[in-house]
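Report on the structure
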Amino acid sequence: AQKVTQAQTEISVVEKEDVTLDCVYETRDTTYYLFWYKQPPSGELVFLIRRNSFDEQNEISGRYSWNFQKSTSSFNFTITASQVVDSAVYFCALSEWNGANSKLTFGKGITLSVRP
Amino acid sequence: NAGVTQTPKFQVLKTGQSMTLQCAQDMNHNSMYWYRQDPGMGLRLIYYSASEGTTDKGEVPNGYNVSRLNKREFSLRLESAAPSQTSVYFCASSVQGGTQYFGPGTRLTVL
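Residues numbered from 1 in each chain as written. Chains lettered and ligands numbered in written order. Predicted model: local features only at pLDDT ≥ 70, side-chain atom pairs only at ≥ 80, totals over all residues. Heavy atoms only, no water.

Okay, the layout of surface pockets next. Quantified by volume, the largest pocket comes out at close to 650 Å³. Taken together, 34 residues line the largest pocket, and the ones lying closest to its centre are Gly107(A), Lys108(A), Met41(B), Gly42(B) and Leu43(B). At the level of elements, β1 (3–5), β10 (88–96), β11 (104–106) and β12 (110–115) of chain A together with β4 (31–38) and β5 (42–49) of chain B are the ones that each hand at least two residues to the lining of the largest pocket. With 4 residues, the top contributor of residues to the lining of the largest pocket is β5(B). Partitioned by chemical class, the residues of the lining of the largest pocket number 13 nonpolar, 13 polar and 8 charged. Taken as a whole, the second largest pocket holds about 340 Å³ of empty space. Lining the second largest pocket we find 18 residues, and of these Gly43(A), Val88(B), Phe90(B), Pro104(B) and Arg107(B) sit closest to its centre. Secondary-structure elements contributing two or more residues to the lining of the second largest pocket are β4, β9 (87–94) and β11 (106–110) of chain B. Among the elements that line the lining of the second largest pocket, the one with the most residues is β9(B), at 3 residues. (1 Å grid on protein atoms, 1.4 Å probe; cavity = no way out; pocket = protein on both sides within 12 Å on 5 of 7 lines; lining within 4 Å. Points joined across faces, edges and corners; volume = space filled by probe spheres on them. Helix = DSSP H or I, 4+ residues; strand = E, 2+ residues; numbered from the N terminus. Nonpolar A, V, L, I, M, F, W, Y, C, P; charged D, E, K, R; others polar.)

Dropping the structure here:
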């Protein structure tokens, strides 16, 4: 069975600090996908990134960056120069692909608070 | 292009009442999903429909039924609501194997 662990439950930083959100996953499949979603206080779920198991290149998008390491089964998310608008719950998720569907298994989420 | 829409946004039920949560998507996606979100639990899959005409159980299906009405619509029914079903319910859709996009959620309280 697949599993996603987000060991950090709550993180509080001051604006402009860098912050890293950790994600560790377990799966027996060789083909899988990893995701990060953001849930701001308004409650909707916003897709941030999707990464497949064959692509270990790190990715940067503005202030966001992701570090995927298969050797440690981790897919960590770093926000550089955090802003108050980054305050949200962040979910890491794992999807195994069996050719027919892509069910997501979510971690329990990390609540990030960015103080002015 | 509205993406994924859900109705209602809020609902209060008494124990034993029934209701149906509606979900529709206009992205021509084949697959649709229902999740529930409880404090400290993340999101858990209730049911999914990989394609029109098929439905399958997820992690927490007990107490729920679903109907894939057509390619656009996927409804979730609570036949006899229980307080344990108090939660926020999210519908999502995707192309097969693709990224799931979520609706705004339905906040359900069962008294």
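Right, picking up where we left off after that structure.
Glancing now at the pairing of strand β8 (residues 74–78) of chain B. Residues and elements named next belong to chain B. Within β8, 4 of the 5 residues are buried, which leaves it mostly tucked inside the rest of the structure. Relative to β8, strand β7 (residues 64–68) runs antiparallel, the two sharing 5 bridges. From the neighbouring strand, asparagine 65 faces β8, where its bridge partner is arginine 77. Linking β7 to β8, which pair antiparallel, is a turn of 5 residues. (Buried < 20%, exposed > 50% of the residue type's maximum accessible area, 1.4 Å probe, protein only. Pairing = 2+ DSSP bridges.)

Below, the discussion takes up the interface of chain B and chain A. In this complex, chain B contributes 19 residues to the contact, which on the side of chain A involves 18 residues. When chain B packs against chain A, the two sides together hide about 1,600 Å² of surface, and 58% of this comes from carbon and sulfur. Taken together, the links from chain B to chain A amount to 3 residue pairs in polar contact (both at pLDDT 80 or more). Those elements that place two or more of their residues in the side of chain B that touches chain A are β4, β5, β9 and β10 (101–102) of chain B. Ranked by residues supplied to the side of chain B that touches chain A, first place goes to β5(B) with 4 residues. Classifying every residue of the side of chain B that touches chain A gives 10 nonpolar, 9 polar and no charged. (Contact = heavy atoms within 4.5 Å. Buried area = accessible area lost by both parts, 1.4 Å probe. Polar contact = N/O pair within 3.5 Å; in protein donor to acceptor, adjacent residues only side chain to side chain.)

All names here are of chain A. Along the polypeptide, valine 84 turns up in the loop between β9 (74–79) and β10. Measuring from C-alpha to C-alpha, the distance between valine 84 and lysine 16 comes to 9.1 Å, with 68 residues separating the pair along the chain. If we ignore the near neighbours within four places in the chain, the residues touching valine 84 are Glu15, Val114, Arg115 and Pro116.

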